[in-house]
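Coordinate inspection notes
Chain by chain, the residues run as shown.
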Amino acid sequence: MTEVVLRPGTADDIPTLLGFIRELAEYEKELDKVEATEEGLRHFLFGPEPKAKTLVMEVDGTPVGSAFYFYFFATYRGKPGIYLEDIYIQPPYRGLGIGKKVFAHLAGEVRDSGGYFLRWWVENGNESGIGFYEALGSRRERQHTLYHLEDDALDRLLDD
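Summarised in this report is the structure supplied together with it. Keep in mind the model is a prediction, meaning the values are calculated, not measured.

What counts and what doesn't
- Residues numbered from 1 in each chain as written.
- Predicted model: local features only at pLDDT ≥ 70, side-chain atom pairs only at ≥ 80, totals over all residues.
- Heavy atoms only, no water.
- Helix = DSSP H or I, 4+ residues; strand = E, 2+ residues; numbered from the N terminus.
- Rg over C-alpha atoms; globule rule 2.2 N^0.38 Å.
- Buried < 20%, exposed > 50% of the residue type's maximum accessible area, 1.4 Å probe, protein only.
- Contact = heavy atoms within 4.5 Å.
- Areas by Shrake-Rupley, 256 points an atom, 1.4 Å probe, with all protein chains shown as cover.
- Lys, Arg positive; Asp, Glu negative; His and termini not counted.
- Charge placed at Lys NZ, Arg CZ, Asp CG, Glu CD.
- Core = buried A, V, L, I, M, F, W, Y, C linked by side-chain atoms within 4.5 Å.
- Pairing = 2+ DSSP bridges.
- Axes fitted to C-alpha atoms, helices over the stretch in contact; angles between N-to-C directions.
- Phe/Tyr/Trp six-rings, centres within 6.5 Å; stacked < 30°, edge-to-face > 60°.
- Polar contact = N/O pair within 3.5 Å; in protein donor to acceptor, adjacent residues only side chain to side chain.
- Patch = residues over 30% accessible without salt bridge, like charges linked within 9 Å, V, L, I, M, F, W, Y side chains within 5 Å.
- Salt bridge = Lys/Arg side-chain N within 4 Å of Asp/Glu carboxyl O.

1. What to know about the overall build of the protein
- Of the regular secondary structure elements, the protein holds five helices and five strands.
- Listed N to C, the secondary structure of the protein is β-α-α-β-β-β-α-β-α-α in terms of helices and strands.
- On C-alpha atoms alone, the protein measures out to a radius of gyration of 17 Å, which is about the 15 Å that the 2.2 N^0.38 rule sets for 160 residues.
- Once the C-alpha set of the protein is aligned to its principal axes, its extents read approximately 60 × 35 × 35 Å.
- Across the 160 residues that make up the protein, the buried fraction comes to 29%.
- In the protein, the share of contacts with a sequence separation of at least 24, taken over all contacts with a separation of at least 6, comes to 55%.
- When the accessible surface of the protein is totalled, it reaches about 11,000 Å², and 52% of it is carbon and sulfur.
- Between the centroid of the 18 positive side chains of the protein and the centroid of its 28 negative side chains there is a distance of 9 Å.

2. Remarks on the nonpolar core
- Judged by nonpolar contacts, the single largest core of 19 residues is most densely connected at Met57, Leu84, Ile87, Ile98, Val102, Leu106 and Leu118.
- Of all the secondary-structure elements, those providing two or more residues to this core are β1 (4-8), β2 (53-59), β3 (62-74), β4 (79-89) and α3 (98-112).
- Among the elements that take part in this core, α3 stands out by supplying five residues, more than any other.
- With sequence-adjacent residues up to four places away left out, Leu84 is seen in contact with Ala67, Phe68, Tyr69, Phe103, Leu106, Leu118, Arg119 and Trp120.
- Ile14, Leu17, Leu41 and Val56 belong to the second largest nonpolar core, which has seven residues in total.

3. What about the sheet that holds β2?
- One open sheet holds the five strands; their spatial order is β1-β2-β3-β4-β5, and the pairing between them is mixed. Among the strands making up the open sheet, the edge pair consists of β1 and β5 (117-119). Sheet twist, expressed as the mean angle between neighbouring strand axes with direction ignored, is 30 degrees.
- Contacts from helix α1 (residues 14-27) reach β2, β3 and β4, with the element oriented near 85 degrees to β3.

4. Remarks on the packing of aromatic side chains
- A complete count under the given rule lists nine aromatic pairs for this structure.
- Measuring from ring centre to ring centre gives 6.1 Å for Phe20 and Tyr88, while their planes differ by 45 degrees; the resulting arrangement is tilted. Of the two residues, Phe20 sits in helix α1 while Tyr88 sits in strand β4, which places them 68 residues apart along the sequence.
- Pairing Phe103 with Phe132 gives two aromatic rings, centres 5.9 Å apart and planes at 70 degrees, and the pair type is edge-to-face.

5. Some thoughts on the side chain of Asp13
- Structurally, Asp13 can be placed in the loop between β1 and α1.
- Using a relative accessible area of 8% as the deciding quantity, one classes Asp13 as buried.
- Side chain to side chain, Asp13 and Arg7 meet in a polar contact 2.7 Å long.
- Look past the residues within four positions of Asp13 in its chain and what remains in contact with it is Arg7, Pro8 and Val56.

6. Description of a nonpolar patch on the surface
- Residues Leu149, Leu154 and Leu157 make up a contiguous nonpolar surface patch of about 280 Å² in total accessible area.
- In this structure, Leu149 sits in the loop between α4 (127-135) and α5 (152-159).

Structure (structure tokens):
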């Protein structure tokens, strides 16, 4: 019998979490874009003012995946929600119900916080991911376009 456990990540998990970040980036063919470091994860995830939370997924005591998420506030509803930044499960462990368990855990955390929804994005070509998310009952957002400012664009905005 396979035992699947979800648990909050801890500072002791930093090397494992960084490994999963790299594995996800390699899967998405973006390994060259990974700038995350153990020091950065320690500061931003487990420092005095954490900016995000993590879950570690284990099968029979072995870490096989991770999720990174944080809270946001929805002004129209006046309630919090959770934004799932990344979920990664190593390929041999997919199909065991781990992903559904992660989403159920996060849904429970949303409800426990008084919130009303869980949000994430998926790459357009990730058909297996899209199928999984739609099977959960999620809906594709069609009325908004995602924007972001990063690196030089942030600096230019600050310099104006």
